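For reference, the chains in residue letters:
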Number of protein chains: 2
Amino acid sequence: MKIAILGYGNIGKAAEEAIKAAPDMQLVGIYHHNDCLDCIDADVVLVCTPTREVQKFATLLAARGICTVDSFDIHGQIWSLRSSLDAVCQANHTVSILSAGWDPGTDSMVRALLMAMSPKGLTYTNFGPGRSMGHTVAAKAIKGVRNALSMTIPLGTGIHRRMVYIELEEGADFKTVEAAILADDYFAHDETHVIPVDSVDALNNVAHGVNLVRSGVSGETHNQRFEFNMTINNPALTGQVMVSCARAAVRMRDRGECGAKTMIELRPIDLLPGTTEQNIKALV
Amino acid sequence: MKIAILGYGNIGKAAEEAIKAAPDMQLVGIYHHNDCLDCIDADVVLVCTPTREVQKFATLLAARGICTVDSFDIHGQIWSLRSSLDAVCQANHTVSILSAGWDPGTDSMVRALLMAMSPKGLTYTNFGPGRSMGHTVAAKAIKGVRNALSMTIPLGTGIHRRMVYIELEEGADFKTVEAAILADDYFAHDETHVIPVDSVDALNNVAHGVNLVRSGVSGETHNQRFEFNMTINNPALTGQVMVSCARAAVRMRDRGECGAKTMIELRPIDLLPGTTEQNIKALV
């Protein structure tokens, strides 16, 4: 399979490593968002651009009949993106796998599986400790902030604390900046602590994690307990999941199963190298 | 969807409860293994017979164009069963989902997902504490044993202790029976303790569990840590998983995707009631 990368930030670099480690893939190019994409000759392009540019590039590539994989992560807009990409993929006999990361992504598959195992009950997805990209960007946008890092701390039952580490601009007043952060819509609804530091860079760490718990009912039997935990390097996992989804995209395209799909619509076996027989014997 | 049950032991009874709780299913009959099956009019038959009778009944039903779901649990024979059922399903335009339980079954899906997230590394599946059906049957077969219960105790890294509780036959010698159990191939390779009790029935409990851990490599990044835990009522979960798989079987049949499949070949979304849009909005 010929795989190309579009966008070469944290995720693009991690995807490059995962492609090189894959036994059945060839990296055929790394492109930047302002490159001309007409010359890309690949089975799949991994769209590793910022999330808000995903739709534009995935649409453009799907229209050329190229499979795409992205890690679009705005939960509330996934259905709309899928609907829009699905039409383009169907018309051009290709496959686009969207929101391929760990949440949305593999966590979504775990949530779906737990629903199938216990249809009634509550699932809580607890994130972190780890850096929230969205909250970090929101904090950086506040006047008087030179650099920021917003850590997500899980408090259980899907409730999170925000620990916001900031470097102040020369002459900025901490109390004013703190009040502005606490009033921002990204932070106003959670317990938030703002902490001034000399160097945000010194705190930088791409570790993240999840603790996903469900207590549910199977048939008429209550108290079925499930838990999925992970502690991971965030871009490394996202890049790897995108690469595994690239494999699934090619398999689906080759079977004529065109369209835009989220990860809960994929067969786990399609994510893996090797034959059906090898994987069933090793994993089932 | 019209669902029937074949076999009415622990699993069949749990499946009945799960069918009745499903919003999109109708229970159309409960059959015993010596009933005539020609009159079954169902989309799917859940084959809840002992595992060694699964092949016979699933083949018979698939040959009539009826979808089947079973929880065949002899890991080393799954590929062979799948190959044999696949031919029958293809010829009769139907779907057979085999080994639909929690291990093999949902654990298999988790193992496949973790491989996609970190292709290199080690996964350990630790079972229990809970009753092992196979070991219990093996202990009951020993001369001098009136009743037995073999509990599986996880010691980590996939190593298990066997706690074997036995009621002796009148006049049987405990030391002789203990030696025979320890020499049995089911027990000879594990740490095994044999404990005489007055009543095995007083210990009966269908609780079980799993602790599935993986430390792996995503791309070139090591120390990616994953863990899946559950503590569950065993037949209730198995019955529920079979019922969720019955839904997937009908959906696959209706899309013309015929054949015999294990759970790692299923899309998680097919296991759930509701539309694609509802499930993506709720779970992705």
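Keep in mind the model is a prediction, meaning the values are calculated, not measured. (Residues numbered from 1 in each chain as written. Chains lettered and ligands numbered in written order. Predicted model: local features only at pLDDT ≥ 70, side-chain atom pairs only at ≥ 80, totals over all residues. Heavy atoms only, no water.)

K.L.:
Lay out the packing of helix H1 (residues 10-21) of chain B against helix H7 (residues 234-254) of chain B with the relevant residues and their values.
P.N.:
Residue and element names in this part refer to chain B. Closest axis-to-axis distance for the H1/H7 pair is 7 Å, and the angle between their directions is 55 degrees. One way to sum up the angle between H1 and H7 is to call them oblique. Viewed along their axes, H1 and H7 form a crossing whose handedness is right-handed. Every residue of H7 that contacts H1 at Asn10, Ile11, Ala14, Ala15, Ala18 and Ile19 is listed here: Pro235, Ala236, Thr238, Gly239, Gln240, Met242 and Val243. Residues that form the contact of H1 with H7 fall into these classes: 9 nonpolar, 4 polar and no charged. (Axes fitted to C-alpha atoms, helices over the stretch in contact; angles between N-to-C directions. Helix = DSSP H or I, 4+ residues; strand = E, 2+ residues; numbered from the N terminus. Parallel < 35°, antiparallel > 145°, perpendicular 65-115°, else oblique. Left-handed = near helix turned anticlockwise from the far one by under 90°. Contact = heavy atoms within 4.5 Å. Nonpolar A, V, L, I, M, F, W, Y, C, P; charged D, E, K, R; others polar.)

K.L.:
Give me the pattern of salt bridges: which residues, what numbers.
P.N.:
All names here are of chain B. All told, the structure shown has 34 salt bridges over all chains when counted by the stated rule. Taking the shortest distance from any N to any O, the salt bridge between Glu191 and Arg161 comes out at 2.6 Å. Of this pair, Glu191 sits in strand S10 (residues 191-196) while Arg161 is found in strand S9 (residues 160-168), placing the two residues 30 residues apart along the sequence. Judged by relative accessible area, which is 36%, Glu191 ranks as partly exposed. (Salt bridge = Lys/Arg side-chain N within 4 Å of Asp/Glu carboxyl O. Buried < 20%, exposed > 50% of the residue type's maximum accessible area, 1.4 Å probe, protein only.)

K.L.:
Can you explain the interface of chain B and chain A? Please cite residues and give values.
P.N.:
Across the boundary between the two partners, chain B contributes 59 residues, which contact 59 residues of chain A. Summed over both partners, the interface of chain B with chain A buries about 5100 Å², with 68% contributed by carbon and sulfur atoms. One can count 2 salt bridges joining chain B with chain A. With a shortest N-O distance of 3.8 Å, B:Arg267 and A:Glu257 are connected by a salt bridge. The interface formed by chain B and chain A includes 22 residue pairs in polar contact (both at pLDDT 80 or more). Secondary structure elements with two or more residues in the side of chain B that touches chain A: H1, helix H3 (78-92), helix H4 (106-117), strand S12 (221-233), H7 and helix H8 (276-283) of chain B. (Buried area = accessible area lost by both parts, 1.4 Å probe. Polar contact = N/O pair within 3.5 Å; in protein donor to acceptor, adjacent residues only side chain to side chain.)

K.L.:
Please set out the sheet that holds strand S12 (residues 221-233) of chain A residue by residue, giving values where relevant.
P.N.:
Ordered in space as S6(A)-S11(A)-S12(A)-S12(B)-S11(B)-S6(B), the 6 strands form an open sheet in which the pairing is antiparallel. Two strands bound the open sheet, and with one partner strand each, they are strand S6 (120-127) of chain A together with strand S6 (120-127) of chain B. On average, each strand axis in the sheet is tilted by 10 degrees relative to the strand beside it, whichever way the strands run. Bridge count between strand S11 (residues 207-218) of chain B and S12(B): 11 bridges; the pairing is antiparallel. Bridge pairing in S12(B) places B:Leu212 opposite B:Phe228. Of the strands in this sheet, S6, strand S11 (207-218) and S12 of chain A together with S12 of chain B touch helix H4 (residues 106-117) of chain A, which is tilted by about 15 degrees from S11(A). (Pairing = 2+ DSSP bridges.)

K.L.:
Give me the lowdown on the nonpolar core, citing residues and values where you can.
P.N.:
Of all hydrophobic cores here, the largest spans 136 residues; its most connected members are A:Leu46, A:Ile97, A:Phe228, B:Leu46 and B:Phe228. When sequence neighbours within four positions are dropped, the list of residues in contact with A:Phe228 reads A:Asp107, A:Val110, A:Val210, A:Asn211, A:Leu212, B:Leu114, B:Met117, B:Phe226, B:Glu227 and B:Phe228. (Core = buried A, V, L, I, M, F, W, Y, C linked by side-chain atoms within 4.5 Å.)

K.L.:
I'd love a proper account of the side chain of B:His160, names of residues and values included.
P.N.:
Residues and elements named next belong to chain B. Structurally, the position occupied by His160 is in strand S9. A residue is classified by how much of its surface remains accessible, and His160, at 7% relative accessible area, is buried. Within the structure, the side chain of His160 is placed 2.8 Å from the backbone nitrogen of Phe127, a separation counted as a polar contact. Within the structure, the side chain of His160 is placed 3.3 Å from the backbone oxygen of Gly158, a separation counted as a polar contact. Not counting residues within four places of it along the chain, the set of residues in contact with His160 comprises Thr125, Asn126, Phe127, Thr152, Ile153, Pro154, Leu155, Asp190 and Glu191.

K.L.:
Any chance you could break down the packing of helix H3 (residues 78-91) of chain A against H8(B) for me, citing the residues and the numbers?
P.N.:
Packed helix pairs are characterised by how far apart their axes lie and by the angle those axes make with each other. Interaxial distance between H3(A) and H8(B) falls to 9 Å at its minimum, and their mutual angle equals 135 degrees. With respect to each other, H3(A) and H8(B) are oriented oblique. The segment H3(A) lies against H8(B), with A:Ile78, A:Trp79 and A:Arg82 engaging B:Thr276, B:Glu277, B:Ile280 and B:Lys281. In the contact of H3(A) with H8(B), the residues fall into 3 nonpolar, 1 polar and 3 charged.

K.L.:
Provide a residue-level description of empty space enclosed by the protein, including the pertinent values.
P.N.:
Scanning all chains against the criterion turns up 1 cavity of 30 Å³ or more. In this structure, the largest cavity occupies an estimated 50 Å³ of space. Lining of the largest cavity is provided by A:Met109, A:Val110, A:Leu113, A:Pro268, B:Met109, B:Val110, B:Leu113 and B:Pro268. In the lining of the largest cavity, the residues fall into 8 nonpolar, no polar and no charged. (1 Å grid on protein atoms, 1.4 Å probe; cavity = no way out; pocket = protein on both sides within 12 Å on 5 of 7 lines; lining within 4 Å. Points joined across faces, edges and corners; volume = space filled by probe spheres on them.)

K.L.:
I'd like a rundown of the relation of the copies chain B and chain A, residues and numbers included.
P.N.:
Between the two copies, chain B and chain A, the superposition gives an RMSD of 0.0 Å; the rotation angle is 180 degrees and the shift along the axis is 0.0 Å. Between the two chains, the operation in question is that of a two-fold axis. A share of 100% of interface residues in chain B that are also interface residues in chain A marks the association as one of identical surfaces. (Least-squares fit on C-alpha atoms with pLDDT ≥ 70 in both.)

K.L.:
Quick one: what's the story with H3(B), residue by residue and with numbers?
P.N.:
Here H3(B) spans 21 Å end to end across 15 residues, near enough to the 21 Å set by a 1.5 Å rise per residue. Those residues of H3(B) lying buried are B:Ile78, B:Trp79, B:Leu81, B:Arg82, B:Leu85, B:Asp86, B:Val88 and B:Cys89. Elements in contact with the buried residues of H3(B): helix H8 (276-283) of chain A together with helix H2 (54-63), strand S4 (67-70), strand S5 (95-97) and strand S13 (259-261) of chain B. One or two residues past the end of H3(B) sits B:His93, with phi positive at roughly 55 degrees. (Expected span 1.5 Å × (residues − 1).)

K.L.:
An account of the domain arrangement of chain A is needed here, citing residue identities and associated values.
P.N.:
Residue and element names in this part refer to chain A. Looking at chain A, the domain boundaries give domain 1 (2-104 + 235-283) and domain 2 (120-218). Facing the 4 residues of domain 1 at the interface are 7 residues of domain 2. Together, the buried faces of domain 1 and domain 2 total about 380 Å²; carbon and sulfur atoms form 73% of this surface. Contact with domain 2 buries area across many residues of domain 1, yet Trp102, Asp103 and Pro235 alone supply 83% of it, more than any other trio. (Domains from an automatic or database assignment.)

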